[in-house]
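A look at the structure
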Amino acid sequence: MAQQPWWRNAVIYQVYVRSFADGNGDGAGDLIGLLEHLEYIASLGVDGVWLNPCYPSPQMDHGYDVSDYFDIEPAYGDLDIFDQLITRANKLGLRILMDVVPNHCSDQHAWFTEAVAAGRGSKERERFWFRDGQGVNGELPPNNWMAVFGGGAWSRITEPDGTSGQWFLHTFTPWQPDFNWLNDDVVDYFDRMLRFWFDRGVDGFRVDAVTVVGKHPDLPDAPSITGAVAETDAWAFNPYTVFWPSAHDAWRHWREVVNQYEIDHPGRELVTVSEAYTPGKPDLLLRYVEPDQFHQSFTFDLLLSPWNALSLHKAAARSYQALHDAGATLTWALNNHDAHRVVTRYGRADAHLTSSWTGSNLVNSDAPVDLELGHRRARAAALLILGLPGAAYLYMGEELGLPEVLEIPDSARQDPIFARTEGREKGRDGCRVPMSWTTDSVNLNGFSTSSSAKAWMPQPEGWGSFSVEVQDYDCKSMLALYRQALSFRVDMVKQGEAIEFVGDGTDGLFSFTRGSYAVVVNTSAEAVEIPHEIMVGRKLILGSLPEAFSRVDESSLIAGNSAVWLG
Ligand code: GLC
């Protein structure tokens, strides 16, 4: 059998640079901080690191508003430190993946300011979506499209002569003008950008917001929505951009660029992973991982599933069947920088119900949270995603069981969702609170090198109890479980990518066999008997509960809200 590319069953650790480690004492994370903590990441047993955007940016959406795709945000470091980071990471056996944002840039990007200055009809404006407004004086937006983070998707500029002028399209916020991917300059620019970072040793890219990159060239009004929909969900019903097929031309072109780079640089094996939310629609997901497009695309259905075996089974099985059968690979995640953290999600009183998700920007219901239960379930879920075939992406702090920080004062909130919805939606700051390294609250629990720094997002009381320091040598900790699972996973991966699901979850168990291994997750509160066909010839390898070894007893009972690997 031909050797599989490294990324196919890789585990990637996601670093939200701003929140990982502050090496220059200004209260925000940076590349020096990351450089100094690379050993920790390597100690987990992962294969690579994905960095959230760390290009120069006014930080209106914390890096997802890029003003220069060919440099490093000065507050985070510079190209020299970035080069050191790659060298050090590679020495530790870690690959570095960056985040590329193709849909939009910052309104401070030179192209956008040039476009505003160049005036109507200029080739500079063609790189974006500038249009005249409707109404007698063009005072109404060109169409009815809504923005993802609240409000309309158009803003009006002041022309160089001081008059109110054209409007530009922004799918997210007014600080993030959308690129026009039908324009050759845009295509060429990103070709150069990809190669620039590949030349520096980057091994791949997470590709942001791919589902909205295509646009109907005439920008027609979106059909009106029937039924009640949250303000920040309205955009999702716009068929003239969401999943608009022209974007796939761009992805096919990117794959050619990547393939050519590999041919020109023997030994390099690159990966692209797309961010496309396609809940319940594996056929749509499959379009992103066709052999001539992305190598991976996040399989978000598990992240969006409530905590019950039936739903988990459905989420995993339908994605697996569609992708595996087509020869594509699966890419799992339980957390990311946009979603409420899994410990809190699973600790909600309604976590077993589909309604535990509000649907708006990956936010949960406000049902009461039992953190102890959430931790117990999150431990089980870790064995679930690390046992499934395909790649897994872990979000920093997940290995510590960090909860979502729900009590952030409004005055401290920075997510543009909060401002754009005038506080009606709280946004995503709660999963971006700086890491907890030690119990030393003087330097922000080890997050900062300075004892006087103020964290860019405040850490709550007791944050140190989750710290690496506390968990490092505790064999029952969440951190220990992740390390153990990642080390046992090496054998798990050798079992191949074919799995057989056992049952459909109705008995509270989500189970599958993978070669001589089996993974069983019990989402119910009570102990359940593991089916004989799974147990026979297998013994316990790893359990999610610290006391797991006593939990699969002779009668093959698996404790409630726990998971086991058998083999
Ligand atoms: C993606 C990112 C999110 C960002 C948005 C706009 O969904 O994950 O953090 O705000 O795109 O770029």
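Up top you'll find the structure we're talking about.
Worth saying up front: this structure is predicted, and the values here are computed from it rather than measured.

**Concerning the environment of Ile81**
- Along the chain, Ile81 turns up in helix α4 (residues 79-91).
- It is 6.9 Å that separates the C-alpha atoms of Ile81 and Leu31, two residues lying 50 residues apart in sequence.
- If we skip the residues at most four places from it in the chain, Ile81 touches Leu31 and Ile32.

**Comments concerning the site of the ligand**
- Taken together, the neighbourhood of the ligand is formed by Asp61, Tyr64, His104, Phe149, Phe172, Arg206, Asp208, Glu275, His337, Asp338, Arg428 and Arg432.
- Within the side chain of His337, one N or O atom sits 2.9 Å away from an oxygen atom of the ligand.
- A distance of 2.5 Å separates an oxygen atom of the ligand from a polar atom in the side chain of Asp338.
- Protein contacts shield 95% of the accessible area of the ligand, which totals 310 Å² for the unbound molecule.
- Applying the majority rule of atoms within 2 Å of the grid points places the ligand in the largest pocket.
- Residues that form the shell around the ligand fall into these classes: three nonpolar, two polar and seven charged.

**Side note on the layout of surface pockets**
- Reported here for the largest pocket is a volume of approximately 1200 Å³.
- Lining the largest pocket we find 46 residues, and of these Tyr277, Pro279, Leu304, Gly359 and Leu362 sit closest to its centre.
- Here the lining of the largest pocket takes five residues from helix α9 (residues 309-325), the largest share from any one element.
- Taken together, the residues of the lining of the largest pocket sort by class into 21 nonpolar, 13 polar and twelve charged.

**Notes on helix α5 (residues 110-118)**
- Residues Trp111, Phe112, Ala115 and Val116 constitute the buried set of α5. Viewed end-on, α5 has its buried residues packed into an arc of 135°, placing them on one side of the element.
- Considering only its buried residues, α5 is in contact with β4 (130-131), β5 (154-158), β6 (164-169) and α6 (184-199).
- Remark: Gly119 follows α5 within two positions and exhibits a positive phi of approximately 90°.

**So, the packing of α6 against helix α7 (residues 247-264)**
- Two elements in contact, α6 and α7, have axes separated by 11 Å at closest approach and are oriented at 35°. Where α6 crosses over α7, the two elements pack in a sense that is right-handed. Counting all contacts with α6, which are made through Val187, Phe190, Asp191, Leu194, Arg195, Phe198 and Asp199, the residues of α7 involved are His253, Trp254, Val257, Val258 and Tyr261.
- Looking at the contact of α6 with α7 residue by residue, the classes come out as eight nonpolar, one polar and three charged.

**Details of the pattern of salt bridges**
- One pass over the full model with this rule turns up 27 salt bridges.
- Among the ionic pairs, Arg88 bridges to Glu39, the shortest N-O distance being 2.2 Å. Taken as a pair, Arg88 in helix α4 and Glu39 in helix α3 (residues 38-44) lie far apart in primary sequence, 49 residues in all.
- On the basis of relative accessibility, which here comes to 31%, the residue Arg88 falls in the partly exposed class.
- Overall, the relative accessible area of 38% leaves Glu39 in the partly exposed class.
- Note that Arg252 is salt-bridged to Asp249, the shortest N-O span being 3.2 Å. Linking Arg252 with Asp249, this pair stays in helix α7, spanning three residues, or about one helical turn.
- Residue classification places Arg252 among the partly exposed residues on the basis of a relative accessible area of 29%.
- When salt bridges that share partners are traced, they join Asp61, Asp338, Asp415, Arg428 and Arg432 into one network.

**Examining the sheet that holds β5**
- Pairing is antiparallel across the open sheet formed by three strands, whose spatial order is β4-β6-β5. Two strands lie at the open edges of the sheet, namely β4 and β5, each paired on one side alone.
- As paired elements, β4 and β6 share two bridges and run antiparallel to each other. Looking at the pairing, Phe130 lines up with Phe168 of β6.

**Thoughts on the nonpolar core**
- By size, the foremost hydrophobic cluster in this structure holds 158 residues, and its most contacted members are Tyr13, Ile41 and Phe205.
- Counting residues domain by domain, this core receives three or more from each of domain 1 (6-103 + 198-478) and domain 2 (499-566).
- Counting twelve residues, the second-largest nonpolar core is a separate cluster that includes Val502, Val520, Ile534 and Leu566.

**Regarding the sheet that holds strand β10 (residues 331-333)**
- Across the sheet, eight strands lie side by side as β9-β8-β7-β3-β2-β1-β11-β10; this open sheet has parallel pairing. Each edge of the open sheet is held by one strand with a lone partner, namely β9 (296-297) and β10.
- Of the strand pairs in this sheet, strand β8 (residues 271-274) and β9 are connected by two bridges, and their pairing is parallel. Bridging from a neighbouring strand, Ser274 pairs with Ser297 of β9.
- Where α6 meets the sheet, its contacts fall on β3 (95-100) and β7 (204-207), and the angle it forms with β7 comes to roughly 135°.
- Contacting β1 (11-15) and β11 (391-395), helix α14 (residues 478-494) crosses the sheet at an angle of about 165° to β11.

What counts as what
Residues numbered from 1 in each chain as written. Predicted model: local features only at pLDDT ≥ 70, side-chain atom pairs only at ≥ 80, totals over all residues. Heavy atoms only, no water. Helix = DSSP H or I, 4+ residues; strand = E, 2+ residues; numbered from the N terminus. Contact = heavy atoms within 4.5 Å. Near = heavy atom within 4 Å. Polar contact = N/O pair within 3.5 Å; in protein donor to acceptor, adjacent residues only side chain to side chain. Areas by Shrake-Rupley, 256 points an atom, 1.4 Å probe, with all protein chains shown as cover. 1 Å grid on protein atoms, 1.4 Å probe; cavity = no way out; pocket = protein on both sides within 12 Å on 5 of 7 lines; lining within 4 Å. Sits in = over half its atoms within 2 Å of the grid points. Nonpolar A, V, L, I, M, F, W, Y, C, P; charged D, E, K, R; others polar. Points joined across faces, edges and corners; volume = space filled by probe spheres on them. Buried < 20%, exposed > 50% of the residue type's maximum accessible area, 1.4 Å probe, protein only. Arc of directions from axis to C-beta. Axes fitted to C-alpha atoms, helices over the stretch in contact; angles between N-to-C directions. Left-handed = near helix turned anticlockwise from the far one by under 90°. Salt bridge = Lys/Arg side-chain N within 4 Å of Asp/Glu carboxyl O. Pairing = 2+ DSSP bridges. Core = buried A, V, L, I, M, F, W, Y, C linked by side-chain atoms within 4.5 Å. Domains from an automatic or database assignment.

Any functional reading would require information beyond the geometric quantities listed.
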